[in-house]
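If you want the building blocks of each chain, they are given just below.
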Protein chains: 2
Amino acid sequence: MAELSERSGVPVPTIKYYLREGLVPAGVATGATRASYDESHVRRLRLVRALVAVGGLGLDRVRDVLRAIDDDAADLHEVLSTAHEQLSPVPSSPPSRPSRDEVAALVRSRRWRVNADGRHSQALAAALDALAAAGQPVDEAALAGYADAAEAVARQELAGVSGVEPAEDAATYAITGTVLAEPVLLALRRLAHENLSTRRFARR
Amino acid sequence: MAELSERSGVPVPTIKYYLREGLVPAGVATGATRASYDESHVRRLRLVRALVAVGGLGLDRVRDVLRAIDDDAADLHEVLSTAHEQLSPVPSSPPSRPSRDEVAALVRSRRWRVNADGRHSQALAAALDALAAAGQPVDEAALAGYADAAEAVARQELAGVSGVEPAEDAATYAITGTVLAEPVLLALRRLAHENLSTRRFARR
C-alpha cells in the first residue's frame, strides 16, 4: 500500500478510506496484512482523487462516474459526459423560458450535438437570467461571441485527449482540466480587461 | 425612501443599512422623517448593491472602490481597476517563480499594459501552479490560446462601456459584467466540450 500511495500520489489514510467506501477495488491478498495492487488501482485512485479533491464531488456523485466507467457498454463519450455532468450543479430554480429558448437557438445555429436540456444548457440559461435581472441582458450577437471563444478553448483542450488511453485516464484528464483551467481563463479575461481599459481610459 | 427603493431596485431595509454604514450619502432633510434623494443616490445604491450582492465584497473592500470613485483626481481607468482588483482574491500562498515568469513572458509578448505583479497576474500564476501540480502543465502555446479567447471576450465586453457615463455607472456595469458573465463563459466551454467530445468519441 505504501508503494500504491507513492505511485498514485494519494496518501495511505485516503486510500484506506476509498477502499472502505468501495470506490477502489480491493487488492489481491498476498498475506495476512499484505495485498498486491496493479496499474488499474493506480488509475482508479487518481480518478477518484481528481473527482473528490479537484471536482469537489460527493461520494454519491463519484459513484455515478465510476459506474459509467465500469459499464462495458459505455463509450468514452458517455464516460466523459457523465463526469462533466456531475461537475455542473443543478440550478436551484428552473431558468426562464426566454433564456432556455436563447440557449436552444444557439445550439441549433452552431449545430452543437449536446443535450439541450442537460445541466450545462440549464446552467447557461440560469446565467443569462442573472445578467438580464441585473439589467445587462446578453443578446444573440454577444452570446455568439462568447460561444466562439468557448469553442476555441474547448478545441484546444480536447486536442490533449487522444481517445486511445484508458477511460479512467481520459476522465481524470478531462475533470482536472475542466476544473483547474477555469481560473486560468477567468484570470486572463480580467488581465485582458485591465489592458484594454488602460489603453482606452487612462489619462496618463 | 420608498421612491429611492423603487428607482434603484434596492429594498428599503438594505438602503437604511447602507446609509448607517456611510456607503451611501444621506439625503437632504425635508422634514422630521423625510429626506430628498437625487440621481446620484440611485447610482451609488446600484453600485454598492452590485459590489455586495454580485461581487460578494465585504464592506471594507466596498469602501476602497467608493474612495476611488470619490477621488476627483482618479480617472475612469483607476476606478475600474480598483473595482476589478477588489474582486480578485489574493492567492493564499505566493505563486511559484516559473509560473510568475510564464505570466510575465505572456504579458510582454502581447504588450499588455497591466500590472505584472497585480492580483490578476498572481491569480493566473497560482492557477498555472495548480495545473502543473496535477500533472497537466500549461505550455506557452496553450496559454497563448487561452489568452486569445480571453482577449476576444474582453474586447466584446468593453465595447459596452462608452467612457462618457458617470464613473459609478461604468463601475457597476464592469463589476456586474465581470462577475455575472463568468458562469456564461464557463457553461459555454462545457457545452463546447460536450459537442466536440460527442463528435469525436461517441460510437453512435
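Shown above is the structure to which this text applies.
Let us now look at the overall build of chain A. Along the backbone of chain A there are nine helices and two strands. For chain A, the N- to C-terminal ordering of α and β elements is α-α-β-β-α-α-α-α-α-α-α. Computed over the C-alpha atoms, the radius of gyration of chain A is 21 Å, more than 25% above the 17 Å expected from 2.2 N^0.38 for a compact globule of 204 residues. In terms of overall dimensions, chain A has a C-alpha envelope of 70 × 45 × 30 Å along the principal axes. Out of the 204 residues in chain A, the part that is buried amounts to 47%. Partitioning the contacts of chain A with sequence separation of at least 6, the portion at a separation of at least 24 is 62%. A distance of 7 Å separates the average location of the 25 positive side-chain charges in chain A from that of its 27 negative side-chain charges.

For Ser-121 of chain B, the location among the structural elements is in helix H7 (residues 119–133). Of the polar contacts made by the side chain of Ser-121 of chain B, one reaches the backbone oxygen of Asn-115 of chain B; its length is 2.8 Å. The residues contacting Ser-121 of chain B, other than those within four sequence positions of it, are Leu-191 of chain A together with Val-103, Asn-115 and Ala-116 of chain B.

Residues and elements named next belong to chain A. The terminal C-alpha atoms of helix H9 (residues 167–201), which comprises 35 residues, lie 50 Å apart, in line with the 51 Å expected from a rise of 1.5 Å per residue. Maximum bend of H9: about 35°, positioned at Ala-181, with proline Pro-183 one to four residues after it. Burial analysis of H9 places 29 of its 35 residues in the buried class, which makes it a mostly covered element.

Turning our eyes to something else, we now look at the relation of the copies chain B and chain A. Under the fitted operation, chain B is carried onto chain A by 0.0 Å of movement along the axis and a turn of 180°, and the coordinates agree to an RMSD of 0.1 Å. Such values leave the two copies arranged in the relation of a two-fold axis. It is Ala-149 of chain B whose C-alpha, among those of chain B, lies nearest the rotation axis, at 2.4 Å. Both copies share a contact surface, since 100% of the interface residues of chain B are interface residues in chain A too.

This brings us to the pattern of salt bridges. Here the structure, examined in full by the defined rule, presents 24 salt bridges over all chains. Among the ionic pairs, Glu-182 of chain B bridges to Arg-190 of chain A, the shortest N-O distance being 2.8 Å. Taken together, the residues Glu-182 of chain B in helix H9 (residues 167–201) and Arg-190 of chain A in helix H9 connect one chain to another. One salt-bridge network, in which partners are shared between bridges, spans Arg-110, Asp-148, Glu-151 and Arg-155 of chain A.

A word on the packing of aromatic side chains. Residue and element names in this part refer to chain A. Counted according to the given criterion, the structure contains two aromatic pairs over all chains. Their ring planes at 45° and their centres at 6.1 Å tell us that Tyr-17 and Tyr-18 sit as a pair that is tilted. On the accessibility criterion, Tyr-18 (2% relative accessible area) is buried.

Tallying the contact residues gives 76 residues for chain B and 76 residues for chain A. Here chain B meets chain A over a buried area of about 7,500 Å², counting both sides, of which 64% is carbon and sulfur. Along the contact surface separating chain B from chain A lie six salt bridges. A salt bridge links Glu-182 of chain A to Arg-189 of chain B; its shortest N-O distance comes to 3.8 Å. Here chain B and chain A share 22 residue pairs in polar contact (both at pLDDT 80 or more) between them. If you list the elements that add at least two residues to the side of chain B that touches chain A, you get helix H5 (76–87), H7, helix H8 (140–158) and H9 of chain B. For the side of chain B that touches chain A, the residue count by class is 41 nonpolar, 19 polar and 16 charged.

For the rest of this paragraph, the subject is the nonpolar core. Residues Leu-124 and Leu-188 of chain A together with Leu-124 and Leu-188 of chain B are the most contacted members of the largest nonpolar core, which totals 70 residues. With residues near it in sequence (within four places) discarded, Leu-124 of chain B still touches Val-184, Ala-187, Leu-188 and Leu-191 of chain A together with Val-103, Leu-106 and Leu-143 of chain B. Tyr-18, Leu-45, Ile-175 and Val-179 of chain B belong to the second-largest nonpolar core, a separate cluster that totals 23 residues.

For the rest of this paragraph, the subject is the packing of helix H3 (residues 39–54) of chain A against H9 of chain A. Residues and elements named next belong to chain A. Contact geometry for H3 and H9: axes closest at 9 Å, N-to-C directions at 20°. Accordingly, the angle class assigned to the pair H3 and H9 is roughly parallel. As H3 runs across H9, the sense of the crossing is left-handed. Judged by residue contacts, Ser-40, Arg-43, Arg-44, Arg-46, Leu-47, Ala-50, Leu-51 and Val-54 of H3 engage Glu-168, Asp-169, Ala-171, Thr-172, Ile-175, Thr-176, Val-179 and Leu-180 from H9.

How each quantity is defined
- Residues numbered from 1 in each chain as written.
- Chains lettered and ligands numbered in written order.
- Predicted model: local features only at pLDDT ≥ 70, side-chain atom pairs only at ≥ 80, totals over all residues.
- Heavy atoms only, no water.
- Helix = DSSP H or I, 4+ residues; strand = E, 2+ residues; numbered from the N terminus.
- Rg over C-alpha atoms; globule rule 2.2 N^0.38 Å.
- Buried < 20%, exposed > 50% of the residue type's maximum accessible area, 1.4 Å probe, protein only.
- Contact = heavy atoms within 4.5 Å.
- Lys, Arg positive; Asp, Glu negative; His and termini not counted.
- Charge placed at Lys NZ, Arg CZ, Asp CG, Glu CD.
- Polar contact = N/O pair within 3.5 Å; in protein donor to acceptor, adjacent residues only side chain to side chain.
- Expected span 1.5 Å × (residues − 1).
- Bend = angle between axes of the 7 residues up to and from the residue.
- Least-squares fit on C-alpha atoms with pLDDT ≥ 70 in both.
- Salt bridge = Lys/Arg side-chain N within 4 Å of Asp/Glu carboxyl O.
- Phe/Tyr/Trp six-rings, centres within 6.5 Å; stacked < 30°, edge-to-face > 60°.
- Buried area = accessible area lost by both parts, 1.4 Å probe.
- Nonpolar A, V, L, I, M, F, W, Y, C, P; charged D, E, K, R; others polar.
- Core = buried A, V, L, I, M, F, W, Y, C linked by side-chain atoms within 4.5 Å.
- Axes fitted to C-alpha atoms, helices over the stretch in contact; angles between N-to-C directions.
- Parallel < 35°, antiparallel > 145°, perpendicular 65-115°, else oblique.
- Left-handed = near helix turned anticlockwise from the far one by under 90°.

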